[in-house]
Amino acid sequence: MLGLSIVFAPAWVYLSVLFIAIFLHPYYLEGIVAGLLIDTLYGARAGAPLFGYIFGFSATVAIIFVTPLRKYLRFHA
Amino acid sequence: MKTNFHKSYRRINRDKERRLTYIFGAFIFMALVVTLFKSPILGLVSPLWQGQNFLARSFKELSLMIKDKNALVEENILLKEKLVLLDSLESSVRNYEDTQTEMLELFGRNGVGDFIAATVIARPPKTLYDILVLDAGEVNGIRDGARVSDPVLGELGTVVEVSQFNSKVSLYSTSGRETSAFLDRDDEPVTLIGRGGGTFFFTVPKDVLVMPGDRILLGSIDAPLVAVVEASFIEPTDSLKKVLARSVVNMHKIRFVEVR
């Protein structure tokens, strides 16, 4: 679903889906792949290869920060 | 009482470190894999984009066919008005280009030269940071740094990344990108700063006359049209005038481009 939205939907759709998915699923490592896919398809990189992966890196950081936060949240009534 | 508080705390820290290493390791590994397979990934996705564009065009044509008569009449009037505007803009651009070409020939420099035609397969808002993805790449002769322009209206940007069958164009309006240009009215040199979404910002001394609709030309020998002034602002205490400009090409609707 996320992959399809990256290919076919506008940026605001797939970025929202990506960060919501990272928030909802624990250890959503697929989010890193999705971020890297966004960078590969739409990003224009210059310089060293790894530094151009802005959304891949952002997804990684988001996963790191969201994972401990999830302990303090509950997703049911 | 004996507690194992310190031990647990250490274990928690170790777990955190392990988790961090694991996630960053995953990122680096995946980034390396994606870097290796970048060209095939683009090659796989570009037919999907072409299919999407084809379907979008077909649906648009179909919707035009089933629209009611009144809506079509209204649209026709709007399109005629737009056509008149575009005609005047195009003739102005053509006149300017003819003069430029004559001037360049006088000085022994080639004007237009050869170009490679390419179709835009992904554009904003699908792409981020004012990037266009073209269906032509290395095999078609496109090189890094090549200039990209609209066939009629003006200059768009430069090629920043080339794979075998695709290439990416960074528009001059990409946020933060600086481009040397000059105002056509009085040859005042300016540095256009991209603001994203096809818009630019620049400053000029407050004595320089800038009016909405003034043309801004690229600072190269053939000086193609890049943008048109939208508005200017000045505070009484400022020594510089802030000017907002817009690209002459609607980047959301570009279908074909020329790469030089």
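Draft legend 1. Here's a closer look at the pairing of strand β7 (residues 189–196) of chain B. All names here are of chain B. Pairing between strand β6 (residues 178–183) and β7: five bridges, direction antiparallel. In the sheet register, Thr 179 faces β7, and the bridge partner there is Leu 192. Of the strand pairs in this sheet, β7 and strand β8 (residues 199–205) are connected by three bridges, and their pairing is antiparallel. By the bridge assignment for β8, Gly 194 is matched with Phe 200. Counting the residues in the hairpin turn of β7 and β8 gives two residues, including Gly 197, whose phi is positive at 65 degrees.

Draft legend 2. Spatial organisation of the confidence of the model for chain B. Here chain B averages 85 in pLDDT, and 94% of its residues register 70 or above. Both scores are given for the predicted complex: the pTM is 0.78, the ipTM 0.83.

Draft legend 3. Main features of the sheet that holds strand β12 (residues 256–259) of chain B. Taken in spatial order, the six strands close into a barrel running β1-β2-β5-β4-β3-β12 (chain B), and their pairing is antiparallel. Between one strand axis and the next, the sheet turns by 45 degrees as a mean value, whatever way the strands run.

Draft legend 4. Representation of unusual backbone geometry in the model. Omega for the bond connecting Pro 124 of chain B with Pro 125 of chain B falls within 30 degrees of zero, at 10 degrees, which places this linkage in the cis form. Structurally, Pro 125 of chain B is set in the loop between β1 (116–122) and β2 (131–134). Even without being a glycine, Tyr 27 of chain A presents a positive backbone phi close to 50 degrees. Relative to the assigned elements, Tyr 27 of chain A resides in the loop between α2 (11–24) and α3 (30–42). In the Ramachandran plot, Asp 187 of chain B falls in the positive-phi region, its phi being about 55 degrees despite a non-glycine side chain. Residue placement: Asp 187 of chain B occurs in the loop between β6 and β7. In this structure Asp 187 of chain B comes out as exposed when scored by C-beta crowding, with 9 C-beta atoms within 10 Å.

Conventions adopted
- Every chain's residues receive numbers from 1 upward, in the order its sequence appears when written.
- Labels follow written order: the first chain is A, the first ligand is 1, and so on.
- The model is predicted, so local features are restricted to residues of pLDDT at least 70 and side-chain atom pairs to those at 80 or more, both for listing and for counting; the totals for chains, interfaces and linings are taken over all residues.
- Only strands that DSSP links by at least two bridges are regarded as paired with each other.
- The way it works is that DSSP assigns letters per residue, a run of H or I at least four long becomes a helix, a run of E at least two long becomes a strand, and they are numbered from the N terminus.
- Each residue gets a pLDDT score, which is the predictor's confidence in that residue and runs from 0 to 100.
- Comment: axis = line fitted to C-alpha atoms, over the contacting stretch for helices; angle = value between 0 and 180 degrees taken between N-to-C directions.
- Exposed residues have 12 or fewer other C-beta atoms within 10 Å of their own C-beta, buried residues have 20 or more, and partly exposed residues fall in between, where C-beta atoms are placed from the backbone.

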